[in-house]
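Here is what each chain is made of, one letter per residue.
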Amino acid sequence: MRAIFVVKPPRKAYSLTSSAFIAFGALYPFSLFKPVFRGSLIIKKGLQLCNPFFICDSFREAEHINSEFRIPNFFQEVSMRFFRTSPEKLPAAESEMIFSKQDLKQLLLPLLAEQFLVVLIGMMDTIMVSYCGESAMSGVSLVDSINVLLIGVFSALATGGAVLVSQYLGKKRPDAAKTAAKMLFYVVLLVSLAIMAVCLIFRKPLLLAIFGNVEEDVMAASQIYFLMSALSYPVMAIYNAYCALLRCIGNPRATMFSSFIMNIVNLIGNSVTIFWLGWGVMGAGLATLISRSVGAYITQRALRDPHCRIPYPGMFPFEWHPSEVKKILSVGIPSGFENGLFQLGKLLLLSMIATFGTASTAANAVGNTLGSFQCLPGNAIGLAMIAVVGQCCGAHAYDQAKFYTKKLMQIVYLCMGTLNILMLLCNPIITLPFNLSPEATVLARQIVALHGAGCVIFWPMSFTMPNALRAAGDAKYTMTVAVFSMAVFRIGFGVFLATTMSMGVIGVWIAMQIDWVFRIICFLIRWHSGKWQTKTLV
């Protein structure tokens, strides 16, 4: 057995090299689970780097694949020459495959562009608000943590509807899919209105309860931005539901176009309200509210297209189908509970980070903003995973579900690796637009380097792959694992490293990656057990 010694590093000793070493060193225990990792090429390469005695025989398997379903030539060259692999055989005849190569291409490329534009909205808000001072940016960052929590709940409900609609489409039942879409609209509307009312009524007590021990200027900015954000919750919930339906029917171009227009509106709105009218934080919130409303309108118009596979459900005539609502909630509630507790854990840690000072809070805000960009390919392909695997499970074509999951995961690792390596190389530059103080700039660069190293190795298997389990209806398992891992590893180790070990905000981000490692082990064991195949909703 090898002994591992952990030495407490100096607070300013974190660099790109040390972050990468920590990430790859943490991967060593996974060599004990090498049969579980047969689906991921880059994980295998990481295991080889960590353990020179680890040899994977599957690298030399020589199977052929129909040319119509091969991954792009560049990726295939990388896969075959660098990783010594060859593509797998199709699980069914080409005519029986649910998704063609062109279908996947038309689904993935717009989703990547859409997620880039979605992240860009948050980045523009943060950069523009930063010119109002660190207190304003810190206030927006605190409220954005609450926003992410609530938007995660809306997205989880949309995911429940998307899983059900996808499985109905895979089962060739478009009328049932339309009914499920209408129930999804009712559910997200009712939930978002209730949350908006609670946030508007208890706005100040909620902020004081979560972030009570912060500077007065930061709290004042938080209250203003929280007001504007709460007004946008119903619009954002409906927008998420519409986007989920459009992805299910294979029309992600509409969501990409709506994101593009939202960014244009948000950019113009921020320029006018912040720099011309001088409204500061309120101006940023107002611009975000208007841009989200525009996005919801555009996606609604796309669903009203007469050629749409699922016509726009509308509110009237009113219908209520408890069985369909129950199916939506069977995925939506576990996913929402998982996302809610996940973001709640981040809020608890953020309340601790806020006590470290404005520099740590601002650096953490920049780390979250750039971290969203680092995870962009995984988030985009994770959304595609819901639609693709959901339809395969609805058709009970589990071999195809496994095939598409593996191919999508290969693409995720290649995209995440390329993006994060570029961001790590540009680390000294990408933090400059945020107008941080010297101390906050150093912390932000350390966070970006550490998070980027983890995104290359751990993030896809921890967050993208579980979407395949959710698409099959196995949301309760992912919820159980995520909640336990959050409580024990992210929060527990985060508090220990940040306070007891005196690592500050950096310790919180190290604990995050420990959480990722545990999630990977649990999700891969579940996937290879095959129990997710018994959880189909239809």
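Just so you know, these numbers come straight off a predicted model, no measurement behind them.

Participant: Report on the overall build of the protein, specifying residues and quantitative values.
Facilitator: Looking only at helices and strands, the protein features 21 helices and 0 strands. Classification of the 538 residues of the protein by burial places 58% in the buried group. For the protein, restricting intrachain contacts to residue pairs at least 6 apart in sequence, the fraction spanning at least 24 positions comes to 82%.

Participant: Quick one: what's the story with helix α8 (residues 216-231), residue by residue and with numbers?
Facilitator: The end-to-end C-alpha distance of α8 is 24 Å, a good match for the 22 Å that 16 residues give at a rise of 1.5 Å each. Restricting attention to buried positions, one finds in α8 the residues Val218, Met219, Ala221, Ser222, Gln223, Tyr225, Phe226, Met228, Ser229 and Ala230.

Participant: Could you give an account of the packing of helix α6 (residues 174-201) against α8, naming the residues involved and the relevant values?
Facilitator: Each pair of packed helices can be summarised by the angle the axes make with each other and by the distance between the axes. The geometry of α6 relative to α8 is characterised by a closest axis approach of 9 Å and an angle of 160° between their N-to-C directions. Here α6 lies roughly antiparallel to α8, going by the angle between them. In this structure, α6 meets α8 at a crossing whose hand is left-handed. Of the residues in α8, those touching α6 at Met196, Cys199 and Leu200 are Phe226, Leu227, Ala230 and Leu231. Along the lines of polarity and charge, the residues of the contact of α6 with α8 split into 7 nonpolar, no polar and no charged.

Participant: So what's going on with the pattern of salt bridges? Which residues, and what values?
Facilitator: All chains considered together, the criterion is met by 6 salt bridges. Ionic pairing is found between Glu338 and Arg470, a salt bridge with its closest N-O pair at 2.6 Å. On the criterion of sequence distance, the pair formed by Glu338 in helix α12 (residues 322-354) and Arg470 in helix α19 (residues 466-471) is long-range, its members being 132 residues apart. Of the residues examined, Arg470 reaches a relative accessible area of 8% and is grouped as buried. Between Arg526 and Asp474 there is a salt bridge, and its shortest N-O distance comes to 2.8 Å. Here Arg526 is found in helix α21 (residues 505-529), whereas its partner Asp474 is found in the loop between α19 and α20 (475-500), with 52 residues between them in sequence. A relative accessible area of 3% means that Asp474 is categorised as buried.

Participant: Talk me through unusual backbone geometry; I want residue IDs and the actual numbers.
Facilitator: The phi angle at Lys172 is positive, at roughly 60°, despite the residue not being glycine. Along the chain, the position of Lys172 falls in the loop between α5 (134-170) and α6. We classify Lys172 as exposed; its relative accessible area is 70%. Residue His396 is not a glycine yet carries a positive backbone phi of 60°. Here His396 lies in the loop between α14 (376-394) and α15 (398-425).

Participant: Report on α14, specifying residues and quantitative values.
Facilitator: End to end, α14 covers 27 Å across 19 residues, agreeing with the expected 27 Å (1.5 Å per residue, within 8%). Of all 19 residues that make up α14, 17 are buried, and the element is covered over most of its length. His396, located one to two residues past α14, shows a positive phi value of around 60°.

Participant: Tell me about the packing of aromatic side chains, residues and numbers included.
Facilitator: A complete count under the given rule lists 14 aromatic pairs for this structure. Members of the aromatic cluster, joined through ring pairs, are Phe185, Tyr186, Tyr242 and Trp320. The ring of Phe463 has Arg519 lying over it, and the distance from NZ or CZ to the ring centre is 4.2 Å.

Participant: Describe a nonpolar patch on the surface, listing the residues and the values that go with them.
Facilitator: A contiguous nonpolar surface patch, about 870 Å² in accessible area, is contributed by Ile224, Phe260, Ile264, Ile268, Val272, Trp276, Leu277, Trp279 and Met282. No other element matches the 5 residues that helix α10 (residues 252-276) contributes to the nonpolar patch. Assignment of secondary structure puts Ile268 in helix α10. Residue classification places Ile268 among the exposed residues on the basis of a relative accessible area of 51%.

Participant: Kindly report on the side chain of Arg490, identifying the contributing residues and their values.
Facilitator: Here Arg490 shows up in helix α20. For Arg490, a relative accessible area of 3% gives the class buried. Filtering out sequence-adjacent residues up to four positions away, Arg490 remains in contact with Phe342, Lys346, Leu349, Phe463, Ser485, Ala511, Met512, Asp515 and Trp516.

Participant: An account of a positive patch on the surface is requested, with residue identities and associated values reported.
Facilitator: Judged by side-chain charge, Lys326, Lys476, Lys531 and Lys535 come together as a positively charged surface patch. Locating Lys326 in the fold gives a position in helix α12.

Participant: An account of the environment of Val495 is needed here, citing residue identities and associated values.
Facilitator: Mapped onto the elements, Val495 comes out in helix α20. Residues Val495 and Gly507 lie 12 residues apart in sequence; the distance between their C-alpha atoms is 8.0 Å. Other than its neighbours up to four places away in sequence, Val495 contacts Leu349, Met352 and Thr500.

Participant: Give a description of the confidence of the model for the protein that names residues and reports values.
Facilitator: The predicted structure's coordinates, where accompanied by low pLDDT, should not be read in detail. Per-chain confidence: the protein averages 77 in pLDDT, with 80% of residues scoring 70 or above. Note that pLDDT drops below 50 for residues 1-87; the model gives that stretch 132 contacts with residues more than four away or on any other chain.

Participant: Would you mind going over the side chain of Thr441 in detail, with residue names and values included?
Facilitator: Within the fold, Thr441 resides in helix α17 (residues 438-457). Thr441 sits in the buried class, given a relative accessible area of 12%. Excluding its chain neighbours within four sequence positions, the residues that come into contact with Thr441 are Thr431 and Leu436.

Participant: Quick rundown of the environment of Thr464? Include the residues and the values.
Facilitator: Position of Thr464 among the secondary structure elements: in helix α18 (residues 459-464). Here Thr464 falls in the buried class, since its relative accessible area comes to 1%. Taking the C-alpha atoms as reference points, Thr464 and Met409, 55 residues apart in sequence, are found 7.7 Å from one another. Apart from residues no more than four positions distant in its own chain, Thr464 is found in contact with Gly378, Ile381, Gly382, Met385, Met409, Val412 and Trp459. A distance of 3.1 Å separates a polar atom in the side chain of Thr464 from the backbone oxygen of Gly378.

Participant: So what about the environment of Val388? Which residues, and what values?
Facilitator: Tracing the backbone shows Val388 in helix α14. Taking relative accessible area as the criterion, Val388 reaches 0% and is therefore assigned buried. Those residues in contact with Val388, other than ones at most four positions away along the chain, are Phe99, Leu104, Leu107 and Tyr404.

The rules behind the values
Residues numbered from 1 in each chain as written. Predicted model: local features only at pLDDT ≥ 70, side-chain atom pairs only at ≥ 80, totals over all residues. Heavy atoms only, no water. Helix = DSSP H or I, 4+ residues; strand = E, 2+ residues; numbered from the N terminus. Buried < 20%, exposed > 50% of the residue type's maximum accessible area, 1.4 Å probe, protein only. Contact = heavy atoms within 4.5 Å. Expected span 1.5 Å × (residues − 1). Axes fitted to C-alpha atoms, helices over the stretch in contact; angles between N-to-C directions. Parallel < 35°, antiparallel > 145°, perpendicular 65-115°, else oblique. Left-handed = near helix turned anticlockwise from the far one by under 90°. Nonpolar A, V, L, I, M, F, W, Y, C, P; charged D, E, K, R; others polar. Salt bridge = Lys/Arg side-chain N within 4 Å of Asp/Glu carboxyl O. Phe/Tyr/Trp six-rings, centres within 6.5 Å; stacked < 30°, edge-to-face > 60°. Lys NZ or Arg CZ within 6 Å of the ring centre and 35° of its normal. Patch = residues over 30% accessible without salt bridge, like charges linked within 9 Å, V, L, I, M, F, W, Y side chains within 5 Å. Areas by Shrake-Rupley, 256 points an atom, 1.4 Å probe, with all protein chains shown as cover. Lys, Arg positive; Asp, Glu negative; His and termini not counted. Charge placed at Lys NZ, Arg CZ, Asp CG, Glu CD. pLDDT = per-residue confidence, 0-100. Polar contact = N/O pair within 3.5 Å; in protein donor to acceptor, adjacent residues only side chain to side chain.

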